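Topology and contacts: notes
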Amino acid sequence: QVQLVESGGGLVQAGGSLRLSCAASGRTASSYAMGWFRQAPGKEREFVAAISWNGGSTYYADSVKGRFTISRDNAKNTVALQMNSLKPEDTAVYSCAVSKYVSAGYRLATSFDSWGQGTQVTVSS
């Protein structure tokens, strides 16, 4: 089992930036793809971004493409999400997750089997 701990959330004005980080321990997360999901109040959890086991491939939800960047450092067992040009609709709890697969092409939450507790991101207008 992998333990995941997110950090970096907070309150930011629209147009601002935040960088989320996720630290993994336990099972070697570096051997699998990792991703970020978010859940806003009253809404279902949605896919944000994913990165393959070696960082060679990345995928993004259309709503964040061009604004968010996912990256990973396997030496440190961490994955990050750089969020720029934030919008109020980006407000949500952001969680990182470890995939069951090495490829980043899986976007369903059921493709991920280890989850962090999440970090709140609030974007004010």
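Residues numbered from 1 in each chain as written. Predicted model: local features only at pLDDT ≥ 70, side-chain atom pairs only at ≥ 80, totals over all residues. Heavy atoms only, no water.

Counting residues in hydrophobic clusters, the biggest one holds 35 residues, and the most contacted among them are Trp-36, Leu-81, Met-83 and Tyr-94. Of all the elements in the fold, those that place two or more residues in this core are β1 (2–7), β3 (18–26), β4 (34–39), β5 (46–51), β7 (68–73), β8 (78–83), β9 (92–99) and β11 (119–124). (Core = buried A, V, L, I, M, F, W, Y, C linked by side-chain atoms within 4.5 Å. Buried < 20%, exposed > 50% of the residue type's maximum accessible area, 1.4 Å probe, protein only. Helix = DSSP H or I, 4+ residues; strand = E, 2+ residues; numbered from the N terminus.)

Another aspect to go through is the pairing of β5. Burial of β5 is extensive: 5 of the 6 residues sit out of reach of the surface. Of the pairings in the sheet, the one linking β4 to β5 comprises 5 bridges and is antiparallel in character. Note that in β5 the partner of Phe-37 across the bridge is Phe-47. Linking β4 back to β5 in an antiparallel pair, the connection comprises 6 residues, with Gly-42 at a positive phi of about 75 degrees. Here β5 pairs with strand β6 (residues 58–60) via 3 bridges, running antiparallel. Bridge assignment links Ala-49 to a residue of β6, and that residue is Tyr-60. Here β5 hands over to β6 after 6 residues, with Gly-55 in that stretch at a positive phi of 80 degrees. (Pairing = 2+ DSSP bridges.)

Bringing the pattern of salt bridges into the picture now. Overall, the coordinates contain 4 salt bridges when judged by the stated rule. Counted as one network, the salt bridges with shared partners bring together Arg-38, Glu-46, Arg-67 and Asp-90. (Salt bridge = Lys/Arg side-chain N within 4 Å of Asp/Glu carboxyl O.)

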